[in-house]
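Structural description and commentary
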Amino acid sequence: MNSNVPPLKPAISIDKQIQLLESRDLIVDDRMYAKEVLKRISYYRFTGYLLPFRTRQSTYHIGTRFETIVNLYTFDSELRVHLLKLCEYIEIQMRASLSYFLAMKYPTDSLCYRNESNFKFKSADKFKSFINKWDENLNRSNEIFIQHHRENYNSQFPIWVAVEVLIFSSISILYSNLSHSDKRIIAREFELKTSDLLKNWLHVLSVLRNKCAHFSRLYYTLLDKDVALSINAKQLSIDPKKLFAIVFSSKYLVKDQPFWNEWVTDLEILINKYAQDVNLKIIGFPLNWKQHLLSTPTDII
């Protein structure tokens, strides 16, 4: 055992958690309310939203209130739900794009996705691992259309059926392992000049989707992978490490303009609801962010 590792901190009661927060200059106006919140959220999760308010002395900026942090937590929670709507749209759209492309490229082979030569995986083992995970999802599924093919087609699932059980991360992997020319064709559906943008965005969105689904904190965190910036994004000096970068990039991927307009408007409503407490710079939102999201890209083919 490493003797330099400090001992784990002992557990403390909620009352002492509140005392500790107060000793670090957090204003707690209603201790009973604070106690109920910490029972529901937990001290460890709650203090993640206090990180932007910490001083070098491990206290909190003077005037920081418990209720403000609760509002940030609630904003973050509602933002995750809203982002999941966007991820759902893009995930389903990409399933449709990939399955239609493969079906039309290999019209006489509805099981084309099982042929390693149709892809560019780095090794046979990586391709086999990918297909095995795909098969696991097919075997677990109780969807009626899966049961239909299981019972009537000896568990043979054509690409347009099989793709419906792919999760976002698998969609990202599938696209990444297409041939360069195939990736370019699909990227052109979104009027993108390079497939590298789509490859990066699908990866970042798949990670973001999982974070939202598993209730990870988005406020005051950096993305796990830098977003590849379009020319327009570079012109706006968007930070590739922050949330707005992938939100901005998503406008290239949403073909349904009314959906996008409504999604952005609802985002504005959400932000205005917590405007008194939310610092948009922390998640990379620039001034006039709504205008930038609704503007037509000038850097597409």
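Details of the structure are given in the entry above.
Residues numbered from 1 in each chain as written. Predicted model: local features only at pLDDT ≥ 70, side-chain atom pairs only at ≥ 80, totals over all residues. Heavy atoms only, no water.

1. Remarks on the side chain of Ser172
Counting through the fold element by element, Ser172 comes out in helix H8 (residues 168–176). Assessed through its relative accessible area of 4%, Ser172 is described here as buried. Setting aside anything within four residues of it in sequence, one finds Ser172 in contact with Lys199, Leu202, His203 and Ser206. (Helix = DSSP H or I, 4+ residues; strand = E, 2+ residues; numbered from the N terminus. Buried < 20%, exposed > 50% of the residue type's maximum accessible area, 1.4 Å probe, protein only. Contact = heavy atoms within 4.5 Å.)

2. Concerning the packing of H8 against helix H10 (residues 195–213)
Between H8 and H10, the least distance of the axes is 8 Å, while the angle of their chain directions is 160°. Overall, the two elements H8 and H10 adopt an arrangement that is roughly antiparallel. Once H8 is placed against H10, the crossing between them reads as left-handed. Note on element contacts: H10 touches H8 through Ser195, Leu198, Lys199, Leu202, His203, Leu205, Ser206 and Arg209, opposite Phe168, Ser169, Ser172, Tyr175 and Ser176. For the contact of H8 with H10, the class distribution of residues is five nonpolar, six polar and two charged. (Axes fitted to C-alpha atoms, helices over the stretch in contact; angles between N-to-C directions. Parallel < 35°, antiparallel > 145°, perpendicular 65-115°, else oblique. Left-handed = near helix turned anticlockwise from the far one by under 90°. Nonpolar A, V, L, I, M, F, W, Y, C, P; charged D, E, K, R; others polar.)

3. Things to note about the packing of aromatic side chains
Tallied over the full model, the rule gives 18 aromatic pairs. Members of the aromatic cluster, connected to one another through ring pairs, are Tyr113, Phe119, Phe121, Phe127, Phe130 and Trp134. Over the ring of Tyr49 we find Arg217, and its NZ or CZ is 5.8 Å from the ring centre. Against the face of Phe190 rests Lys255, its NZ or CZ located 4.8 Å from the ring centre. (Phe/Tyr/Trp six-rings, centres within 6.5 Å; stacked < 30°, edge-to-face > 60°. Lys NZ or Arg CZ within 6 Å of the ring centre and 35° of its normal.)

4. So, the environment of Leu51
With respect to the helices, strands and loops of the structure, Leu51 is situated in the loop between helix H3 (43–47) and helix H4 (66–105). It is 43 Å that separates the C-alpha atoms of Leu51 and Lys120, two residues lying 69 residues apart in sequence. Dropping the residues within four chain positions of it, Leu51 is found in contact with Arg217 and Tyr220.

5. Regarding helix H12 (residues 243–250)
The buried fraction of H12 is high, at eight of eight residues. Among the residues of H12, Leu243, Phe244, Ala245, Ile246, Val247, Phe248, Ser249 and Ser250 are the ones counted as buried. Buried residues in H12 make contact with H4, H10, helix H11 (231–235), helix H13 (257–273) and helix H14 (289–294).

6. Looking at a positive patch on the surface
Together, Lys122, Lys126, Lys199 and Lys225 give the surface a local cluster of positive charge. Mapped onto the secondary structure, Lys199 falls in helix H10. (Patch = residues over 30% accessible without salt bridge, like charges linked within 9 Å, V, L, I, M, F, W, Y side chains within 5 Å. Areas by Shrake-Rupley, 256 points an atom, 1.4 Å probe, with all protein chains shown as cover. Salt bridge = Lys/Arg side-chain N within 4 Å of Asp/Glu carboxyl O. Lys, Arg positive; Asp, Glu negative; His and termini not counted. Charge placed at Lys NZ, Arg CZ, Asp CG, Glu CD.)

7. Structural notes on the nonpolar core
Core analysis: the largest hydrophobic core is formed by 96 residues, its most contacted members being Phe46, Phe66, Trp134 and Leu198. Of the residues forming this core, the biggest block, 17 residues, is contributed by H4. In this view, Phe46 contacts Leu21, Leu26, Val37, Leu38, Ile41, Phe66, Ile69 and Val70; residues no more than four positions away in its chain are not counted. (Core = buried A, V, L, I, M, F, W, Y, C linked by side-chain atoms within 4.5 Å.)

8. What about the environment of Lys35?
The residue Lys35 is located in helix H2 (residues 31–41) in this model. Judged by relative accessible area, Lys35 falls into the partly exposed class, the value being 24%. When the C-alpha atoms of Lys35 and Asp15 are compared, they prove to be 7.1 Å apart, with 20 residues separating the residues in sequence. When near neighbours in sequence (up to four residues on either side) are disregarded, Lys35 contacts Ile14, Asp15 and Ile18. Of the polar contacts made by the side chain of Lys35, one reaches the side chain of Asp15; its length is 3.5 Å. (Polar contact = N/O pair within 3.5 Å; in protein donor to acceptor, adjacent residues only side chain to side chain.)

9. Comments concerning the pattern of salt bridges
Counted according to the given criterion, the structure contains 14 salt bridges. A salt bridge links Glu268 to Lys290, with the shortest nitrogen-to-oxygen separation between them at 2.6 Å. A residue pair is termed long-range when its members are at least 10 positions apart, and Glu268 in helix H13 and Lys290 in helix H14 qualify at 22 residues. The class for Glu268 is partly exposed, based on a relative accessible area of 24%. Given a relative accessible area of 23%, Lys290 falls into the partly exposed group. One salt-bridge network, in which partners are shared between bridges, spans Glu91, Arg95 and Glu164.

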